[in-house]
Amino acid sequence: MEKIQGNTPSGHRRPCIKSRKLLFCSLAFLCLLSLYFGPSFRSRVKHCFYLPPPGAGSLSNDPDEWCPLPNVTVPSDDGLKPSEYLMDSQHQELQVQRLSAAVKVPTESYDDNGDVDEDPRWETFQTFHNVLEQLFPLVHSKLELRKVNRYGLLYTLRGSDPSMKPILLTAHQDVVPAGTASRWTYPPFEGHFDGSFIWGRGSADCKNVLIGILSAIEDLLSQSFAPHRTIVLAFGFDEETGGVRGAAALNQSLVEECGSDSFLLVLDEGGMGIQPQGDVIYAYPGVGEKGYYDVQLTLNVNGGHSSRPPKHTGIGIMADAILALENEPYSPRLTQSSPFRRVLECRAKYSPDAVQPWLRDALLSGSEEEIAEKIAEEETEEKWLVQTSQAVDVITGGVKVNALPEDVQFQVNHRVALHESVTYVNKHIQKVLAPVVQKYGLQFKGLNSSTTASSGILEMNALQILDPAPISPTDNGVWSVFSGTLRQVFESTETGEGKVVVPVGNIMTGNTDTVHYWGLTRNIYRFTPSRNGTRLNQHGIDERMGIIAHLEGMRLYYDLIRNFDSWKDE
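Residues numbered from 1 in each chain as written. Predicted model: local features only at pLDDT ≥ 70, side-chain atom pairs only at ≥ 80, totals over all residues. Heavy atoms only, no water.

**A short note on the state of the cysteines**
Cut-off, in case you're wondering: Here, two cysteine sulfur atoms that lie within 2.5 Å of each other are counted as a disulfide. Helix and strand assignments come from DSSP, with helices taken as H or I runs of at least 4 residues and strands as E runs of at least 2, each series counted from the N terminus. When a residue's accessible area, from a 1.4 Å probe over protein chains only, is under 20% of the maximum for its type it is buried; when over 50% it is exposed; and in between it is partly exposed.
Following the criterion strictly, the structure yields 1 disulfide and no others. With a sulfur-sulfur separation of 1.9 Å, Cys 67 is cross-linked through a disulfide to Cys 346. Handedness here is read from the sign of the S-S torsion; for Cys 67 and Cys 346, about 95°, the answer is right-handed. Residue Cys 67 is found in the loop between helix H2 (39-48) and helix H3 (89-103), and its partner Cys 346 is found in helix H9 (residues 339-350); the two are separated by 279 residues along the sequence. Like Cys 67, the residue Cys 346 is buried in the burial classification.

**Points about the packing of aromatic side chains**
Condition: Side-chain rings of Phe, Tyr and Trp (the six-membered ring for Trp) are treated as a pair once their centres are within 6.5 Å; stacked means planes under 30 degrees apart, edge-to-face means over 60, and tilted covers the remaining angles.
In total, this model carries 13 aromatic pairs according to the counting rule given. With a centroid separation of 5.9 Å and an interplanar angle of 5°, the aromatic rings of Tyr 282 and Tyr 284 are classed as stacked. A single burial state applies to Tyr 282 and to Tyr 284, both of which are buried. Taking 5.1 Å as the distance between ring centres and 10° as the angle between the ring planes, the aromatic pair formed by Phe 482 and Tyr 525 counts as stacked. Highlighted residues: Phe 482 in helix H13 (residues 477-490) and Tyr 525 in strand S17 (residues 524-526), separated in sequence by 43 residues. Relative accessible area serves as the criterion here: at 0%, Phe 482 is assigned to the buried category.

**Some remarks on the packing of H13 against helix H14 (residues 547-566)**
To be explicit about the condition: Simply put, an axis is a line fit to the C-alpha atoms, just over the touching stretch for a helix, and the angle between two N-to-C directions goes from 0 to 180 degrees. Each angle receives one of four descriptions, namely roughly parallel if under 35 degrees, roughly antiparallel if over 145, roughly perpendicular if within 65 to 115, and oblique otherwise. Put simply, a crossing is left-handed when the front helix is turned counterclockwise from the back one by less than a right angle, and right-handed when it is turned clockwise. Working rule for contacts: check all heavy atoms of both residues, and any pair within 4.5 Å makes them a contact.
Between H13 and H14, the shortest axis-to-axis distance is 9 Å and the interhelical angle comes to 140°. It follows from the interaxial angle that H13 and H14 lie oblique. The handedness of the crossing between H13 and H14 is right-handed. Seen from H13, the contacting residues are Val 478, Val 481, Phe 482, Thr 485, Leu 486, Gln 488, Val 489 and Phe 490; seen from H14, they are Glu 552, Arg 555, Leu 556, Asp 559, Leu 560, Asn 563 and Phe 564.

**A closer look at empty space enclosed by the protein**
Applied cut-off: The pocket and cavity definitions rest on a 1 Å grid over protein atoms only: a 1.4 Å probe that fits but cannot leave marks a cavity, an open set with protein on both sides within 12 Å along at least five of seven lines marks a pocket, and residues lining either have an atom within 4 Å of a point. Grid points are joined across faces, edges and corners, and a volume is the space filled by probe spheres set on the points. Ten residue types, Ala, Val, Leu, Ile, Met, Phe, Trp, Tyr, Cys and Pro, are classed as nonpolar, four, Asp, Glu, Lys and Arg, as charged, and the remainder, Gly among them, as polar.
The final tally for this structure, using the stated rule, is 4 cavities of 30 Å³ or more. The wall of the largest cavity is formed by Arg 333, Leu 334, Thr 335, Ser 338, Leu 385, Val 386, Gln 387, Ala 417, Leu 418, His 419 and Ile 507. Here the lining of the largest cavity is composed, by residue class, of 6 nonpolar, 4 polar and 1 charged. When its volume is computed, the second largest cavity comes out at roughly 50 Å³. If you trace the second largest cavity, you find it lined by Asn 208, Val 209, Gly 212, Thr 528, Pro 529, Met 545, Ala 549, His 550, Gly 553, Met 554 and Tyr 557. Those elements that provide at least two residues to the lining of the second largest cavity are helix H6 (207-222) and H14. In terms of residue count, H14 provides more of the lining of the second largest cavity than any other element does, 5 residues in total. Partitioned by chemical class, the residues of the lining of the second largest cavity number 6 nonpolar, 5 polar and no charged.

Here is the structure:
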């Protein structure tokens, strides 16, 4: 019904004033009740008036409305072969050759790498590019290829309809160092295939994704595929060290060419894969990432001969500081808008016998803090989806065994929960360390504060800072197509036959190259398509990727490209 604006005679205003007074009194009464009945009731009142942020997904107090399933998105009759044909023995043999060839090139990136024009260790990436040209002749003859900052790869397959926003599929070329080769079952850069798995550094993180994307495009081109929607592929080369030379430069190039908010979708590696639970299969794309924050604490004290030590040396003082931090972990909280809450609602709805008996009622009436504390008490890895983590990973101090240390330093890595911030972490550290500073009579130099004393100086410095990622929508058409394609592919696999795939966005505790693509679109999803037990030991010894799961991932890219090509933008 159309709303008409106009002048309201003064004689007709009193009922409106009475209604407002009644509403105000009702709200005041609810507030008094919440104070009386405690936190659980307050949480329910708060939930009643809570307005979710855009794209937060469905929020409901009715369990029947939790976790709505998207429709299965079947590719239109576009004349292309169904993705199931990619599972045949011929494609399996081809993918073994391709992924093995990619693994054989040791594209290792190191924390101390210099610029691409100065450090010769980057040169192996040119060898990798040569291999890709040999493996994918159609891609390299029909797509535009631009190299960004020498080793970043930007492929473009132009669509016929420029009014349709392009999609961006990404992966990274680099791998973490393999370490001692003799500790591996098979040499880390041999690309050994044992009949089920391809072994080697990068086989599961994430040359499998890169090869899968290029293979899907190559196969589509072999069928004379001519897209309506432009498809862009962006492959960075230093994701394992932050992506500042690779993905950051690729993003800048894309923004210069296309502008901000110019893409329909960004799909990168990540997420929590495919996890079966009885007759239900959960697909967990990452729709958010925790923040990243490194802090360095440095203590400067007087040195001297170790035969005349003080009660506590600098190392002892810093040990006390570390203990204080570890004894005061961050408080867990499961906010109403948290993607992990949606995960728990899906589990409670579709796998009620597999979840904790208290979960359903807690989701309905428990406070944000109470339910998070129960999750944290179970000491599973999922506690870090509701809580900021802190880990003291580096410590140095002392130069000689008979000399008192004058400079002691340690670094703390934080993965900042979605409900907190770097500012909050700074305040927390200063609060926790205040008693230590006072106990030893130290001068504390914080980021924005300082105390004065004379026994020594404890200084806090911020190193690498990254805020939590924006939460990607799970209530729009792009998500419907993406999640519906997940159902289409994984309900038609051999292990998914007769089961229901439940796609639900989750939080990643780590970070991907998507941190550099936030300005391109709201629809950023992180998902490496693989079932539990098929993608093993990423970053570790004996990394390996199951070939059947790799083919299934190729199917996903193949059908996503087709489904988004026929879908009209919102």
